[in-house]
Every structure is written in C-alpha cells, then in structure tokens.
Amino acid sequence: MTTISRRALLTTAGASLAAAAIRPTAAATSDRIRLAVLGLGSQGRHHALSFARHPHCEVAALCDVDPERLERVRAELPNPEAVRATTDYRRILDDATIDAVSIATPDHWHTKLALHALEAGKHVYVEKPCSHTIEEARLLMQAAASSGKCVQHGTHSRGSSGIREGVDYLRQGHLGTVRVAKAINQQLRRPIGRAEVENPPAGVDYDMWLGPAPEHPFTRNRWHYNWHWFWDYGCGDIANDGIHQLDQILWALDLGIPNAISGSGGQLFYDDDHETPDTQTITFEYDRCHVIYEMRLWTDYPLEGHDNGVVFYCDGGTIAFGREGCFATPIGEAPRKVGGGAAFDENAHNFVDAVVANDPRLLLSPIDAGAVASAICHMGNIVTRTGCRAVHVDPTTWRFDNDAANALWGRAYRTGYELPKV
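Residues numbered from 1 in each chain as written. Predicted model: local features only at pLDDT ≥ 70, side-chain atom pairs only at ≥ 80, totals over all residues. Heavy atoms only, no water.

Help me out: how do you make sense of the nonpolar core in this one?
Within soluble globular proteins, side chains that are nonpolar tend to cluster in buried spots. Ranked by size, the top nonpolar core spans 98 residues in total, and within it Val101, Phe312, Trp398 and Phe400 carry the most contacts. It is helix H12 (residues 367-386) that contributes the most residues to this core, ten residues altogether. Not counting residues up to four positions away in its chain, the partners in contact with phenylalanine 400 are Ile134, Ile261, Met379, Ile382, Val391, His392, Val393, Ala405, Asn406 and Trp409. Counting 24 residues, the second-largest nonpolar core is a separate cluster that includes Val37, Val83, Cys150 and Ala354. (Core = buried A, V, L, I, M, F, W, Y, C linked by side-chain atoms within 4.5 Å. Buried < 20%, exposed > 50% of the residue type's maximum accessible area, 1.4 Å probe, protein only. Helix = DSSP H or I, 4+ residues; strand = E, 2+ residues; numbered from the N terminus. Contact = heavy atoms within 4.5 Å.)

See the structure below:
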C-alpha cells in the first residue's frame, strides 16, 4: 500500500490550510540562508554545528530554555559574537531575517513549533518524530503542502548517499522479492533510577519547557534526554531510534500506512521512573509483505548477529543495513558490501540546498515521508499502551477500528500552549 497523496489527504481531512493563511517571508536574498536552531540538547548541538559547516548557511540564532546549553553551543560556533541567543522561541519566529529553523526540542514541541514556523513564513527542518501524535503528523503534512515551504524530516538515512546505494541495490531485485523486513533496535540503555521532585535549575522557564504537556513538578528524570521515556513528552525508543530503521524499510519498499498492526511491549528490565517500554515487538501488515519491529533496550550484544539496523528477507537471500554499511548475502554466498552507512550532514545540507533554491521538490527526506514514519511509530506505541494486541487501520484517515486505540490518536493541549489555528 502506498502513502496517501497530499491531494487525497487535503480532501479527506476536510480542514485544509489555506495558503493565504501562511504569512510570506522574505526569500533568501542570495545563495546564503540564515538559520536558527530551536532546542540545544545533544541533537540540537549537532544540528547547529552541522548546518554551520554548509558554505551557504549561517547559523544566526539559537534558542533553548536552558541558558547553560544556550551559551555552550553558541561558543562552539564559528561566529559566536554574531549569533543571537534567546530562551523564547517567539523572538526567533518574529525575526524576518531568519529564513529557516531547525527544531530539536523534546517531541511534544515538534509539531507546535513547526506549525508556528510555517505560519511565520520559515522553512523547517524538524527532528524525528515530527509529531507527538498521529493527528499532529497529519496536520503538519497538510500545513507543509499548503505553505509551499521546504519541510525536511530528521530521518536522515534518506539523505545519506551510502544508504541510497543499498536501497538502489535492493530495488534492482538482485535477491528477488522481499517477503519480510525486520527493523532491529537493540542496545543497552541503562536504568534511570527514581528522581525526587525539586526546583528547576536557575534561570530555566520550566513552564515554557512543559509547554503543551500537562503540569508536573520538576524532576531530573523528566529533564534533559530522559524526557524521552515519559509519555507526556516523548514517544519511547521506537520513535527515538527505531524510527530510523522503520523509515529505511518504508523508503526501500515504497510503503505507507499499514493495513493492520499487532504486537505488544512492556518493561522486562527497568524498575524505575521509565513509562515507555524497554521491550517491544510489533508487526505491521502490508499487502505484499510484513514489517517487524523488535526492540531490546537491555542487550549489550548484536541481535541475531546484527547491530541496530534493518534486515530484508528476500527469496534469494538477505540484505542488511547497519552502522557499518549495507551488505547483501545471497543464499550460499558470503556477504558483500553494496552501500555505506547513514550520515546526518548529508540530510541537513540537502535541506539547505533546497531552501536556497526555494524548491521543496529537492528534499530527500520530505515531511510527507516523515509523517508516515512518525505515525507508524505512534501506532506501535498505541497497540502497546492499550494492550489491544491488534488493530486495523483506515489508509485514508489513519484511524483504527478500535475505540481505545483511537483515544490516543490525538492529545489535549495545556491552556496557552494550543496548536496554532492556521
């Protein structure tokens, strides 16, 4: 089954964003753009340094609610004295000299910031997952289509020349038809313990950090990075790391929303503040193949001989994508390398090139694909959280045949932090 088209989505969603509702922005006046990075954790820092390496991109502004992170990353840039630093994202969006923003905040802020940025006429690079819910993924895809802006998703394998080589080899049919593809997420993520309630760090606007999420007292486990493991802010490791492997499968096999999802998950290892699972096994059913996601966050060894990556099980052998590259193993033969590994810089730099050209068609990891990849991760979590084991999906609306599952399709927003109505 292929991904629903933009035109079909706009028709069935029934509330399309009018292009006139998106404010125009001054296009880049030369072959150089001015970009701001919102969110400066490890990934946001990586964004800032990577974009700064592009000869046609100036990292002109940074934003984070943590002043320490803000100053630390600014000091690492090649032009720190010229970089504007702020703890309020609205100061960035109000700046007409900023052409594009890169969003690397906690997940629960991704869609809200991306929609505000499009409303302000900015191009957007948004980290994975692009949304915190299925509903948000559809809204963002719809907004991008109406805006005409470049919206790139942080599933950076699509921008990596090495992975493209592996995809091309697979699509050429050297090993025949793919019947099953498995996304493997195995690694050792150590327990986080239990954290006591305390005051937020000095200078931090914790209410702003919470944003759309429900009010909750500050603890260190709900703060830097560990927020991934709480449903109010993150989406677990399926949408943090597993999304890369799942997206490689969607891309290589030209898949969209599945017909059905089954599976389960839970905590077999953690006994701490974690809410999200450490173990998860999900099957996505398509017309011509099955996609399996296996997650083990307590292993310090390869799973079935593979590291984090993807294995395509074909009639004539296997093709595996991993950290060391892409390898084909025909039946009875030794593995041979058919592609390289993933590289973030190529995806980020492709975004800059598309913005300079003001042409979303140049994007290698467009939000259409990112919305689907994010949505299927949310679907896997919904099956896990509801315990409903199996659900069918309407490929047009992306809704389920199960009331409990549909109850997690969207979310409520805290007063003052609702999504923009554009």
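Hey, could you run me through the layout of surface pockets in this one?
Where empty space is left can be seen by rolling a probe of water-molecule size over the atoms. There is about 940 Å³ of room inside the largest pocket. The set of elements that each furnish at least two residues to the lining of the largest pocket consists of helix H2 (42-52), helix H5 (110-119), helix H8 (206-210), helix H10 (242-253) and strand E12 (317-322). Among the elements that make up the lining of the largest pocket, the one with the highest residue count is H2 (four residues). For the lining of the largest pocket, a count of residues per class yields 18 nonpolar, 22 polar and nine charged. (1 Å grid on protein atoms, 1.4 Å probe; cavity = no way out; pocket = protein on both sides within 12 Å on 5 of 7 lines; lining within 4 Å. Points joined across faces, edges and corners; volume = space filled by probe spheres on them. Nonpolar A, V, L, I, M, F, W, Y, C, P; charged D, E, K, R; others polar.)

What is the right way to look at the pairing of strand E5 (residues 123-126) in this model?
For a regular strand, side chains alternate in direction, first toward one face of the sheet and then toward the other. Along E5, one buried face is formed by His123 and Tyr125 and the opposite face, lined by Val124 and Val126, is buried too. Taken together, the four bridges between strand E4 (residues 100-103) and E5 define a ladder with parallel strand orientation. Bridge pairing links serine 102 to tyrosine 125 in E5. Relative to strand E6 (residues 151-153), E5 is paired through three bridges, and the arrangement is parallel. When the bridges of E6 are listed, valine 124 appears paired with valine 151. Viewed along the sheet, the connection from E5 through helix H6 (residues 134-147) into E6 turns out right-handed. (Pairing = 2+ DSSP bridges. Right-handed = clockwise from strand over helix to strand, strands pointing away.)

What should I look at first to understand the confidence of the model for the protein in this one?
Detailed conclusions should not be drawn from predicted coordinates in areas where pLDDT is low. Taken over all residues, the pLDDT of the protein has a mean of 93, while the share at 70 or more is 93%. Note that pLDDT drops below 50 for residues 1-29; the model gives that stretch 55 contacts with residues more than four away or on any other chain. (pLDDT = per-residue confidence, 0-100.)

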